[in-house]
Every structure is written in C-alpha cells, then in structure tokens.
Amino acid sequence: MGLYLNTDTDEQIPLASNAGWSQFGAWVDGLDDSFTELSHLWEYGWSEPVADLREQLLSAIHSTPPNDADTAHTAKQLLESLSRLQDEGAVVVTDGMESEPKARIVHDDGATGV
C-alpha cells in the first residue's frame, strides 16, 4: 500500500510506499529544528502553506542530503509535487482512501451537529 499527497484542490498525487514514507520520516527526524513545516508534515500529516514546505524541503535536501535511495526518491517526489502546487495551498498525506461523509444532524431547536 502506498501513500498520497492530497491537495486543497482534491488532487491526489502518489507519494511513497509505507516503507519509503517511514524512511523519509526518519530522515526528517534527524534534521535540525529549523525545518518546522517539514517536521509538521511528518508528525501530523499536513502542512500549509505549500511555499514554506517546498522551501524547507529544498533547503534540507541541500544541507543534509538523504543517505539512501528510497528516502532520496521520496524527497524528490515530494519536491516535484509541491513545485506544481499553489504557494498558499495546503497538503495532506493520506492512504488514498476517502472517509465516509459524516451525517449532519439538525436538532429540534435548530442546532446542528455531526
């Protein structure tokens, strides 16, 4: 099973295998604390704005290149994907499966809930 990069325009871009993403995360964990958006993407699975993430990824690749082919491939794939997106956009890492929409509940008093 692989992972995908979902955009705020509902585009789904193939990103990495589960193992490749895990190796990429180990590389990100080894970077210094200045790569906040890159760390946020790894830890929480989303990032915005795309421009900051792209800039940090490019800087990380140059300052601390990935030390194995799988991590380098994932970093390159992510960078290429981010280069095609709007600077102010957002991205989310997913398994490609869509979740079921939640039902909207309207109470007798007009309040809504999920």
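Please refer to the structure placed before this passage.
These figures come from a predicted structure and were not determined experimentally.

Engineer: Looking at this structure, I do not really get the sheet that holds strand E1 (residues 2-7). What am I missing?
Structural biologist: The strands making up a sheet are joined through hydrogen bonds of the backbone, oriented either antiparallel or parallel. Spatial ordering of the open sheet is given by E2-E1-E4-E3, a layout of four strands whose pairing is antiparallel. A strand with exactly one partner marks an edge of an open sheet, and here the two such strands are strand E2 (12-17) and strand E3 (46-47). Where E1 and strand E4 (residues 91-94) come together, four bridges link them in antiparallel fashion. The partner of Asn6 across the bridge, within E4, is Val92.

Engineer: Whenever I open this one, the pairing of E2 confuses me. Can you help?
Structural biologist: Along a regular strand, successive side chains alternate from one face of the sheet to the other. When E1 meets E2, the two strands line up antiparallel, connected through five bridges. Across the sheet, Leu5 pairs through a bridge with Ile13, a residue of E2. Where E1 hands over to E2, the hairpin turn is made up of four residues, of which Asp10 adopts a positive phi near 65 degrees.

Engineer: I would appreciate a short explanation of unusual backbone geometry in the present structure.
Structural biologist: Backbone geometry follows two general trends: most residues other than glycine have a negative phi, and most peptide bonds adopt the trans configuration. Look at the link from Glu48 to Pro49: it is a cis peptide, with omega at -5 degrees. As for its position among the elements, Pro49 is in the loop between E3 and helix H3 (50-63). Here the phi dihedral of Asp10 falls at roughly 65 degrees; this positive angle occurs in a residue that is not glycine. Looking at where Asp10 falls in the secondary structure, it is placed in the loop between E1 and E2. On the accessibility criterion, Asp10 (73% relative accessible area) is exposed.

Cut-off values and rules
Residues numbered from 1 in each chain as written. Predicted model: local features only at pLDDT ≥ 70, side-chain atom pairs only at ≥ 80, totals over all residues. Heavy atoms only, no water. Pairing = 2+ DSSP bridges. Helix = DSSP H or I, 4+ residues; strand = E, 2+ residues; numbered from the N terminus. Buried < 20%, exposed > 50% of the residue type's maximum accessible area, 1.4 Å probe, protein only.

Function cannot be inferred from these measures alone, as they are strictly geometric.
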